[in-house]
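Coordinate inspection notes
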Amino acid sequence: MKTLRQVKVGETAMVVKLHGEGAVKRRIMDMGITKGAQVHVRKVAPLGDPVEITVRGYELSIRKSDAEMIEVEER
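Residues numbered from 1 in each chain as written. Predicted model: local features only at pLDDT ≥ 70, side-chain atom pairs only at ≥ 80, totals over all residues. Heavy atoms only, no water.

Now for the overall build of the protein. On a plain count of helices and strands, the protein comes out with two helices and six strands. When the helices and strands of the protein are listed from N to C terminus, the series reads β-β-α-β-β-β-α-β. Dimensions of the protein, computed from the C-alpha atoms along their principal axes, are close to 30 × 25 × 25 Å. Sorting the 75 residues of the protein into buried and exposed places 36% on the buried side. Here the protein has roughly 4,500 Å² of accessible surface; of this, 51% comes from carbon and sulfur atoms. The centroid of the 14 positive side-chain charges in the protein is displaced by 1 Å from the centroid of its 11 negative side-chain charges. (Helix = DSSP H or I, 4+ residues; strand = E, 2+ residues; numbered from the N terminus. Buried < 20%, exposed > 50% of the residue type's maximum accessible area, 1.4 Å probe, protein only. Areas by Shrake-Rupley, 256 points an atom, 1.4 Å probe, with all protein chains shown as cover. Lys, Arg positive; Asp, Glu negative; His and termini not counted. Charge placed at Lys NZ, Arg CZ, Asp CG, Glu CD.)

So, in C-alpha cells, the structure goes:
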C-alpha cells in the first residue's frame, strides 16, 4: 500500500482508497480527494508538513497525517 505521503514531488498518482473515519474522511472528500481522482504533488514543506497538491484543477495544502490516510496508485 502506497500513501499520498510517499509520492515524490512532481509525480502524479490516482486515489485508490481513503482510510480514516467520520469527520476526517468527510473533510478529505469535501476537498475533492475522492476515489479515482488524479493528484499531483507540487511541493513539500522543509519539515514535510504540509504537502501542496493539485487536485481537480486547484491547489490545495494538506497535513502530512491526512496524506497518510490517502491510498494511491502511481501513474
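Phi is positive for Arg56, close to 55°, though the residue is something other than glycine. Looking at the element boundaries, Arg56 is found in the loop between strand S4 (51–55) and strand S5 (58–62).

Keep in mind that these numbers describe shape and distance, not what the molecule does.
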